[in-house]
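# Structural description and commentary
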Amino acid sequence: MPADEPSVSDEAPGAGGLSAAPVRQVLSDSVYEGIKTMVMDHEIAPGARVGIEAVARTLNVSPTPVREALARLEADGLVVKRSLSGYRATELLTRQGVEELFEMRLLLEPRAAALAALNADDSQLDAIEGILEDMQAHPGPAGTYAAYRDFAALDQRFHDAIAEAAHRPLLADAVQRLHAHLHVFRLSSLRSEGDPTTAEHGRVVRAILRRRAERAAEAMAEHLTRSLERQLDRFES
């Protein structure tokens, strides 16, 4: 929420006698996205304390929606709450952390892709294909988080949708809980032009649509392996 916009009291009743719930939700989402942007773009530095009052002044809101947003961001793995010291932005993944994250993904997601090829219903296939088409409208994201936010969200939706289409709830839950897109995209606010992610996703989708389980697993493993290589290159530069 830009600082020059009027604040909306999270306690105020809805205008015209309408319920305040929709207004509260809009405010909550706006504050969440505002703080998330600060963390992703390192305006709040990795490891730095997140002052609730200071953030509230920056976003021109009361402290209540800031606290609510920080609870959501803690669930996302972007902030951590420490006793006596309040919230802090989480540290960036180290090289070892990136390797461990992708180790987990390589254990889970190729299997999810294979099961999706076998078990996805028509509506799930349509949804996966639709997400890919949406990603093709956001090629080569670069710049600040605001510039690639939609791409990052679609990337997560893509992987989550495949996991859900596997029809294995525990597997889908494990994939979603990794929050891989946030950790990876946060490593650098500058993304390279010509990013091959969408093309790699396309190979996964084609295998799933053709019900080729083994090929879907291979395509997902290839995508994750290449993505890992791209992330590790950041530590060499």
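Our structure is the block above this text.
Residues numbered from 1 in each chain as written. Predicted model: local features only at pLDDT ≥ 70, side-chain atom pairs only at ≥ 80, totals over all residues. Heavy atoms only, no water.

## Quick word on the pattern of salt bridges
Two side chains with opposite charge may pair up if their charged atoms get near one another. Enumeration over the complete set of coordinates arrives at seven salt bridges. R72 is the partner of D29 in a salt bridge, and the nearest nitrogen-oxygen pair spans 3.0 Å. Linking D29 in helix α1 (residues 21-40) with R72 in helix α3 (residues 63-76), this pair joins segments that are 43 residues apart in sequence. In this structure D29 comes out as partly exposed when scored by relative accessible area, which is 31%. For R215, the salt bridge identified is with E222, shortest N-O distance 3.3 Å. Taken together, the shared-partner salt bridges in this structure form one network comprising R215, E218 and E222. (Salt bridge = Lys/Arg side-chain N within 4 Å of Asp/Glu carboxyl O. Helix = DSSP H or I, 4+ residues; strand = E, 2+ residues; numbered from the N terminus. Buried < 20%, exposed > 50% of the residue type's maximum accessible area, 1.4 Å probe, protein only.)

## Looking at a negative patch on the surface
Taken together, the side chains of D121, D122, D126, E129, E133 and D134 make up a negatively charged region of the molecular surface. By secondary structure assignment, the location of D126 is in helix α5 (residues 122-135). (Patch = residues over 30% accessible without salt bridge, like charges linked within 9 Å, V, L, I, M, F, W, Y side chains within 5 Å. Areas by Shrake-Rupley, 256 points an atom, 1.4 Å probe, with all protein chains shown as cover. Lys, Arg positive; Asp, Glu negative; His and termini not counted. Charge placed at Lys NZ, Arg CZ, Asp CG, Glu CD.)

## Quick notes on the packing of helix α6 (residues 145-165) against helix α9 (residues 197-209)
With their axes 12 Å apart at the nearest point, α6 and α9 run at an angle of 20° to one another. The pairing of α6 with α9 is recorded here as roughly parallel in orientation. Here α6 runs over α9; the crossing is left-handed. Judged by residue contacts, F151, D155, F158, H159 and I162 of α6 engage T197, T198, H201, V204, V205 and I208 from α9. Tallied by class, residues from the contact of α6 with α9 come to six nonpolar, four polar and one charged. (Axes fitted to C-alpha atoms, helices over the stretch in contact; angles between N-to-C directions. Parallel < 35°, antiparallel > 145°, perpendicular 65-115°, else oblique. Left-handed = near helix turned anticlockwise from the far one by under 90°. Contact = heavy atoms within 4.5 Å. Nonpolar A, V, L, I, M, F, W, Y, C, P; charged D, E, K, R; others polar.)

## Let's talk about the sheet that holds strand β2 (residues 79-82)
Strand order in the open sheet formed by three strands is β1-β3-β2, with antiparallel pairing between adjacent strands. Sheet topology places β1 (49-50) and β2 at the edges, where each strand pairs with a single neighbour. Strand direction decides the pairing type here: β2 and strand β3 (residues 86-89), joined by four bridges, are antiparallel. Counted as the bridge partner of V80 is R88 from β3. The strands that α3 touches are β1, β2 and β3; relative to β2, the one it contacts most, it runs at about 110°. (Pairing = 2+ DSSP bridges.)

## Topic: the side chain of D76
Summarising the element assignment, D76 is placed in helix α3. Each residue touching D76, except ones within four places of it in the same chain, is listed here: Y32, H179, L182 and H183.

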